[in-house]
Structures are given as C-alpha cells and as structure tokens.
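Observations on the model geometry
Each chain, letter by letter, is given below.
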Amino acid sequence: MVPESELTIKAQTASPQELQISTLATLQDGTALSLRGFQVCAVSLLLIYMVAGSTFLSLNYQMLMGASVFVVAYLAEKIAPSHQLGRLFIMTTCGFLTLRYWFFRTTVTITFSNGLEFCFSLLLYFAETYGIIIYFMGMFVNSSSMLRTSPKLPSDIEELPTVDVYIPTYNEPVEMVRVTAIACTQLFYPKEKLNVYILDDGGTVQKVNDPNESKSSSARQRAGVLKNIAKELSINYATRDRNVSAKAGNLNESLMSCECRLDEDAFDSISCINEGLNQGCGEVILILDCDHVPARDFLHHTVGFFLQDPKLFLLQTPHFFINPDPVEKNLETFRKSPSENEMFYAAIHPGLDFWNASFFCGSAALLRRKFLLEVGGIAGETITEDAETALGLHGKGYNSAYLCKPLIIGLTPETFDDFIVQRSRWAQGMIQIFLLKNPLFQKGLTIFQKICYFNSSFFWFFGIARSIFFVSPLILLFFGLKIYNASLLQVLAFALPHLAGAYLLSNYLFGRYRHPFFSELYETIQSFYLLPAIISAILKPRSPVFTVTPKAVSLKKDFLSHLATPFYIMLFLAIAAYIAGVYRWLTIPGVADSIVLCMLWNTFNIVMVLSCLGVVWERRQMRGMHRYVTDENILLDLQDGKDMISATLFDLSLSGAGIRIDDDSAGTKSVQSKLTGKDIIINARDSYGCEYSLPVEVKQHRYKDDHSIIGVIFKGKEKAEMVDIINFVYGDSSRWKFFSQKSNNVSVNYLSGFLLVLKTGIIGTLSNFRGVSSIIYENMKNYVVQAVKKIP
C-alpha cells in the first residue's frame with residue numbers, strides 16, 4: 001500500500017530517469033490502491049444490501065438503518081478526515097445510502113395510474129438517475145488526488161526544450177494583448193530558447209477585406225496596432241487568410257507553419273514580422289488566452305515535466321481569476337466564499353490527474369508539438385477544442401499532468417450575459433464530445449480515462465435535470481399529478497439519508513472549495529438558459545459555432561440584465577404553488593404527505609430563485625484594472641530629502657496600489673494633506689529578489705485606525721516603465737496566496753451553508769426589487785414630465 005504522502009512527486013531530489021520510473025510506479029500503485037478500494041466498496045454495498053435490504057426489513061428498521069449508516073459516515077469524517085482509507089470508507093457508506101435509495105426509487109415508487117402522470121414520473125426518475133450517475137462517477141474521479149511538485153530544471157541550457165508562446169486573439173482590447181505579450185517576454189527562460197507569437201484572428205485577409213467598410217477599417221486599425229506592439233517588443237505577429245475553425249484554426253495555422261513567410265506590410269498572407277528573430281518550431285508550445293498574464297516563473301515550474309516524461313503531451317495549470325464572476329459580484333460573495341473555478345482546479349482536476357485524465361483547458365497549458373502534429377493539430381470538430389484534443393492524445397497512449405499551482409492571472413466574464421455565452425459554449429462543446437466522440441467507445445483509453453471523460457462530458461446535461469427538479473413539485477401542487485409515489489415515512493427512511501449522505505460527502509470532498517448549496521445555485525442560474533443550447537446540440541451536434549467570451553467590460557451603472565425575465569416567472573410560479581398547495585390540502589383528502597414534500601421542495605427552489613434574482617441585477621463595475629489582495633513590506637521615498645519610510649502594500653493592480661503607513665512612520669495626521677497629489681517612489685522586492693523603484697502619484701490619502709491609507713497610481717506607460725510595472729504586479733506567483741493557501745476558504749456545515757445562500761438570496765432580491773422600482777419611478781417621472789410639456 002502506498003502512503004498518501006508518497007503520491008507527491010519528489011522532483012527536486014531525483015534524477016529525470018529515476019523520477020520517471022518512480023512517478024509511473026507510484027501512479028500504478030495508487031491506481032491499484034483505489035481500484036482495490038472500490039472493489040471493497042462494491043462488495044460491501046452488495047453484501048450489506050443483500051443482508052439488510054428492503055426485502056428483509058420493515059420500514060421502521062429501514063429508518064433506523066438509514067440514520068445509523070449516516071451517523072457512521074459522519075463520525076468517520078470527524079475521526080479520519082484526511083486518511084485515504086477513511087476517504088474510501090466515507091465514500092462507501094454515503095454511496096450505500098444513495099444506492100439503497102435508488103433501488104427503493106426504482107422498485108417501489110414508479111407506478112402507472114394515467115399516461116400523463118406516468119410520463120412526468122419517468123422524467124423525474126430519469127433526472128434523479130442522471131444525478132446519481134454523476135454522483136458515483138464524481139466519487140470515482142475524486143477517490144484519490146495526484147499532488148505534484150515542480151521538477152528541477154537541468155543546469156545545462158542545451159538540455160532545455162525550445163518553447164513557442166502562442167497568444168491567440170480575436171477582438172479583445174489591444175492593451176490587454178500588450179500586457180500579456182510584455183509578460184511573456186519577461187519569462188525566466190533562456191531567450192534563445194523562447195519565441196513569442198501574437199496570433200491575430202481579427203486581422204485576417206477575410207476580416208480586413210470585409211465588404212462592410214466600418215468592419216474592415218476597424219480590423220486594419222487593430223491589426224496595425226498589434227503589429228506595432230510586436231515590433232516594439234521584438235516578438236512575432238501572425239495572421240492568416242480566413243477565419244476557419246475559430247481558435248483551433250488560428251492555433252493550427254501557426255502550429256503547422258513553422259517557417260512563417262516574412263510579410264511586414266501586406267495583409268494577403270500569413271505574416272510573421274521582425275526579421276532576424278528565431279522563428280523555429282518550438283518543441284513545446286505554451287498557449288495563453290490574451291487575458292491570461294503569466295508569472296515570470298511559469299516555465300521554470302512547468303517545462304521540467306516534459307524532460308521527466310517523454311510521453312507527456314500536456315501540462316495544465318489552474319486558471320486563476322483576479323475579478324469576481326457575475327454571481328460573486330452581484331451577490332457580493334467575492335473573497336467571502338470560494339470562487340466557482342476553485343472546486344474544479346483545486347479538487348477535481350488533481351483527481352483527474354491521478355487517473356492520467358487531466359485534460360487541456362484551453363489556456364495556461366504546455367503541449368508537446370510533436371504529439372500535436374501526430375493528431376493533426378488542435379482538434380476542431382467540436383467547439384471545446386481543448387478537451388477534444390486531450391481526448392485524442394490520451395487515446396494515442398500519451399500522458400498528461402496537472403500542476404496545482406496558479407501561474408497565470410486572468411479575467412472571468414463581468415456580466416451575466418457574457419457568463420451565459422461562455423457556459424453555453426462549454427455545454428454545447430462537451431455535449432458534442434459526448435455525442436460525436438463518446439469517451440466510452442474511444443479506442444486507446446484506459447477504463448479509468450473513459451470514466452473520467454464520460455463524467456466530464458455527461459455532467460453538462462445538468463440543465464435538463466435542474467429544469468425538471470424545478471418543475472416537478474409544481475406539477476403536483478398545480479395539477480394534482482402524483483409523480484413521486486412515496487409516503488412521508490418512506491422519504492424519511494430512504495430519501496433523507498440519501499440526501500444527507502450526498503451533502504456530507506460533497507462537503508467532505510469539496511467543502512474548502514465550494515460551500516454547501518452554491519453548486520445548486522450556479523447550476524440553477526445557468527439551467528434555463530443552457531436548456532435551449534443543450535437541446536440544439538442534441539438535435540444538431542455539428543451545428544454549434546465558437547463564440548468568443550467578452551472580457552474586461554466596464555459597467556458605468558447598475559442595471560437589470562435582459563436575461564432576468566425567466567427568474568421573475570419562476571418566482572411567481574413558485575409562490576403561486578403555495579396557494580395551490582394549501583387549496584389541495586383543504587379540499588383533497590389523502591395527499592397530505594405529497595403536499596408537504598412538494599411544499600418543502602418548492603421552498604428550496606424559491607431560495608435558489610431569490611439568489612438568481614440577485615445575480616441578474618447587474619452592479620456597476622467602474623474599475624478598469626482589478627485589484628488583488630497582498631500583504632508585503634515596502635519602502636516609500638517621499639522625495640522630501642528625508643529617509644525612506646516603511647509601509648505595507650495591501651492591494652495591487654496594474655493601475656495602482658493601496659498602501660498602509662503606520663502613524664509613527666508617517667509622522668502626524670498633517671502629513672496627509674502634504675501627500676495628496678504628490679509624486680513619490682515605491683521601493684520593493686519580489687520573492688525572486690528582483691528590486692523595483694516605481695514612481696507613483698498619490699491620489700487619495702486618509703487616516704484610519706492609527707494608520708495613513710494612501711491610494712496611488714503608477715506613472716509612465718512607455719515600454720520600459722510598463723515592463724517594470726507588469727513584472728511587479730503580475731510577475732510574482734507567490735503573491736497569489738489567497739488562492740494557493742486557501743486562507744479564506746473554510747468549510748461550513750449544511751445549515752450554515754443553506755442560511756448563507758438564503759441570506760444572500762434575500763439581500764440580492766431586495767437589491768433587484770429596489771433597482772427595478774427606481775427604474776419604474778424614473779420612467780414614470782419622465783413620462784409625467786413629457787406629458788406636462790405637451791399641455792398647451
């Protein structure tokens with residue numbers, strides 16, 4: 001048996017050959033461990049159910065057994081929370097409660113009384129079965145985690161592979177592309193081994209010759225700016241003739257054309273500018289979305305994996321976002337609860353990596369060129385080209401790896417509209433993979449990889465299941481159709497232990513990265529808008545097209561999203577269902593149990609809808625550059641001829657910083673008035689030992705709790721000044737401690753999680769109603785004013 005600690009790869013102390021053998025052996029042993037564990041689990045479930053199943057026990061004993069097994073799982077979580085055998089035991093007990101419920105649900109609750117009732121009953125049953133399948137596959141994926149550390153790079157530069165950095169762009173702000181490109185030129189890597197490319201899909205021949213003069217002029221202007229950026233930074237600019245296959249086509253054009261034709265001025269062919277640069281074919285390709293700014297040590301932490309494993313095709317790193325997504329922003333949960341992406345990148349992806357099923361996430365990843373060329377480049381049959389590419393390369397027998405260390409900082413969609421655009425593309429793309437390249441039938445994959453990929457693609461049907469879960473209690477309360485045939489006691493004996501065990505296991509596995517009921521909230525907010533996208537992909541799996549997700553959107557004022565209407569309808573229906581339920585309670589005998597259950601179910605749905613209403617009230621976002629929290633010592637030169645004073649940097653962005661000065665360092669409160677509007681210099685050092693002297697202008701100065709708090713903006717936008725600012729702000733990955741250390745991520749129990757979602761939903765809904773009321777008031781006032789003006 002392999003101790004859990006041995007699953008961490010000790011890259012710094014082993015030679016590449018020893019490490020390769022050790023890594024593969026550890027992975028195989030770990031796989032055997034989990035396989036044996038799941039065999040034990042499966043046998044245990046069968047034996048327990050055969051001995052104490054519903055056939056042999058009365059309902060009272062079933063209630064006692066359900067409660068007892070849950071208590072055992074709860075105590076196991078407290079006694080052995082991090083031990084591998086404890087983990088498998090908790091999964092076994094919680095899995096038993098769910099399998100027991102599903103057996104009861106299948107054999108007892110499905111009855112035929114009339115056709116319509118039976119159809120709705122089956123829909124609900126299939127939605128529950130879908131959820132249970134996802135639950136068990138997720139349990140398998142997360143049965144163990146692969147936690148890697150970075151291999152040590154060889155001291156001989158000649159042993160390092162050449163690296164091409166691809167920055168694909170389409171219509172994003174050119175300043176965003178410039179920041180990422182500058183950061184790429186500052187990577188810690190031998191310059192003769194590094195080439196950076198801006199891949200401009202907005203400056204293609206097709207775009208610059210668009211019949212619409214406004215569009216073609218805009219494309220030419222943007223392409224010209226990007227070319228100038230490439231010249232300024234001494235990097236490569238490339239475009240192509242036509243916009244075929246979206247991002248995949250853009251990447252493949254350069255991937256397949258190692259020797260780009262030099263064409264500095266014309267727009268009629270692929271053009272790589274900056275004559276004299278090394279434009280060879282990099283052995284490894286780093287792909288970065290143009291809003292993903294890499295830390296300077298990105299390649300230092302990642303390239304060694306390709307030296308360690310000659311069969312490695314992918315090294316993926318987390319996507320770490322500096323700004324809140326629309327749910328976090330509009331519900332004001334940012335930095336109070338874990339971000340949505342943290343569960344995937346901090347918990348699920350290490351589990352995928354354990355089974356050699358870590359897949360390409362589109363950016364912040366290194367890929368080996370040789371293996372990409374074997375499969376014809378980046379795949380383009382679906383609109384999730386990243387996961388599709390990884391699926392094909394895993395099928396070839398190649399390996400992937402995941403390093404759970406944030407090495408880029410990026411942007412997530414700012415508005416709910418953009419959020420839905422992004423998620424619709426993800427859903428349609430993964431459903432395309434499910435239908436066109438179903439992992440279960442892909443040759444070359446291990447059974448473990450098939451399960452992992454099947455889980456990742458099948459998950460995106462959740463929009464259908466969530467819609468059914470919302471509608472189901474309304475069907476009984478409004479129409480009297482009994483689609484869930486179970487008494488209150490049966491629910492207490494089977495359904496309640498299943499739900500309690502599922503939430504216990506979810507909180508055990510993901511509690512630090514996703515608070516209870518936030519998954520339900522995120523799925524509910526997406527479901528009714530993903531439903532048309534899902535159905536479209538099912539009916540025409542080859543029809544979805546790639547849509548670029550807008551980023552860096554500024555919102556000058558609060559407003560109601562145009563996507564809000566379905567949630568008002570859902571709230572109205574859910575409230576009306578209470579009235580219908582009370583009416584049925586009073587007028588129809590013998591259905592009290594069903595009405596109580598549906599009322600409780602409907603209450604849960606209302607809590608989710610309240611939060612959804614808070615999300616669709618878009619809060620303004622004025623800040624052009626998002627700030628992140630830090631905590632480090634700096635020295636300030638006030639340029640007054642005196643000694644520098646010590647201070648603390650507490651937040652940072654590309655535009656400026658927040659600085660705290662102790663009262664004894666700053667002098668007296670009178671200093672405040674002297675600093676406002678003054679130019680000073682920040683002197684700092686990052687974790688690499690690089691020193692910075694950055695000129696800033698003081699824009700704000702106030703006094704709080706025996707501290708002087710000053711807000712400053714960076715001065716200078718020239719190349720040399722921007723290089724220093726970008727290196728200081730984004731170059732040091734060790735600053736992102738609030739992601740990697742999870743200092744603010746603490747598990748909460750189920751009740752606290754539910755109350756948190758309820759509180760958040762009520763506050764969000766009140767904000768929504770206040771905002772809508774103010775809109776109505778303003779419109780009415782304007783109408784009255786206009787009407788008065790028309791009176792003679």
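The structure contained in this document is the topic of the report that follows.

Reading the values: rules and limits
- Residues numbered from 1 in each chain as written.
- Predicted model: local features only at pLDDT ≥ 70, side-chain atom pairs only at ≥ 80, totals over all residues.
- Heavy atoms only, no water.
- Helix = DSSP H or I, 4+ residues; strand = E, 2+ residues; numbered from the N terminus.
- Contact = heavy atoms within 4.5 Å.
- Areas by Shrake-Rupley, 256 points an atom, 1.4 Å probe, with all protein chains shown as cover.
- Pairing = 2+ DSSP bridges.
- Axes fitted to C-alpha atoms, helices over the stretch in contact; angles between N-to-C directions.
- Salt bridge = Lys/Arg side-chain N within 4 Å of Asp/Glu carboxyl O.
- Expected span 1.5 Å × (residues − 1).
- Polar contact = N/O pair within 3.5 Å; in protein donor to acceptor, adjacent residues only side chain to side chain.
- Buried < 20%, exposed > 50% of the residue type's maximum accessible area, 1.4 Å probe, protein only.

1. Describing the overall build of the protein
The helix and strand inventory of the protein stands at 26 helices and 17 strands. For the protein, long-range pairs separated by at least 24 residues make up 80% of all intrachain contacts whose partners lie at least 6 apart in sequence. Counting every atom, the protein has about 34200 Å² of accessible surface; 61% of that belongs to carbon and sulfur.

2. Description of the sheet that holds strand S13 (residues 645-652)
Here we have six strands rolled up into a closed barrel, ordered S12-S13-S14-S17-S16-S15, and antiparallel in their pairing. Strand-to-strand, the axes of this sheet are offset by a mean angle of 45°, without reference to chain direction. Where S13 and strand S14 (residues 656-662) come together, four bridges link them in antiparallel fashion. Its bridge partner being in S14, Thr648 is matched across the sheet by Arg660.

3. What to know about unusual backbone geometry
Even without a glycine there, the phi angle at Ala246 is positive, about 50°. With respect to the helices and strands, the residue Ala246 is situated in helix H8 (residues 246-256). We note that Glu332 has phi near 55°; this positive angle belongs to a residue other than glycine. Along the polypeptide, Glu332 turns up in the loop between helix H11 (326-331) and helix H12 (340-354).

4. Focus on the pattern of salt bridges
Counting across every chain of the model gives 21 salt bridges. Its salt-bridge partner being Glu388, residue Lys437 comes within 2.7 Å of it at the nearest N-O pair. Placement of Lys437 in the loop between helix H15 (416-436) and helix H16 (447-458) and of Glu388 in helix H14 (residues 385-395) is noted, with a sequence separation of 49 residues between them.

5. Thoughts on helix H4 (residues 115-141)
Between its first and last C-alpha, H4 extends 39 Å over 27 residues, near the 39 Å set by a 1.5 Å rise per residue. Of the residues that open H4, the one with a side-chain oxygen 3.2 Å from the backbone nitrogen of Leu116 is Asn114.

6. Focus on the pairing of S14
Extensive coverage of S14 is indicated by the burial of five of its seven residues. Hairpin connection, S13 to S14: the antiparallel pair is bridged by three residues. As paired strands, S14 and strand S17 (residues 707-714) are joined by seven bridges and run antiparallel to one another. Residue pairing across strands places Asp662 opposite His707, the latter belonging to S17.

7. Here we look at the sheet that holds strand S1 (residues 163-169)
Ordered by their spatial adjacency, seven strands build an open sheet running S3-S2-S1-S4-S7-S6-S8, and the pairing between neighbours is mixed. This sheet does not close on itself; its edge strands, each paired only once, are strand S3 (236-238) and strand S8 (399-402). This sheet shows a mean twist of 20° between the axes of neighbouring strands, independent of strand direction. Direction of pairing for strand S2 (residues 194-200) relative to S3: parallel, over a ladder of three bridges. Looking at the pairing, Ile198 lines up with Tyr237 of S3. Against the sheet, helix H5 (residues 174-185) makes contact with S1 and S2, and its axis sits at roughly 175° relative to S1, the strand it touches most. The strands touched by H8 within the sheet are S1, S2, S3 and strand S4 (284-287), with S1 carrying the most contacts at an inclination of about 145°.

8. A look at the environment of Phe518
Mapped onto the elements of the fold, Phe518 is located in helix H19 (residues 518-539). As a C-alpha pair, Phe518 and Gly753 span 235 residues in sequence and 8.2 Å in three-dimensional space. Residues in contact with Phe518, not counting those within four places in the same chain, are Thr333, Ser337, Leu756 and Val757.

9. Looking at the environment of Leu233
Counting through the fold element by element, Leu233 comes out in helix H7 (residues 213-233). Residue classification places Leu233 among the buried residues on the basis of a relative accessible area of 7%. Separated by 49 residues in sequence, Leu233 and Cys184 have C-alpha atoms that sit 10.0 Å apart. Apart from residues no more than four positions distant in its own chain, Leu233 is found in contact with Arg178, Ala181, Ile182, Thr185 and Lys719.

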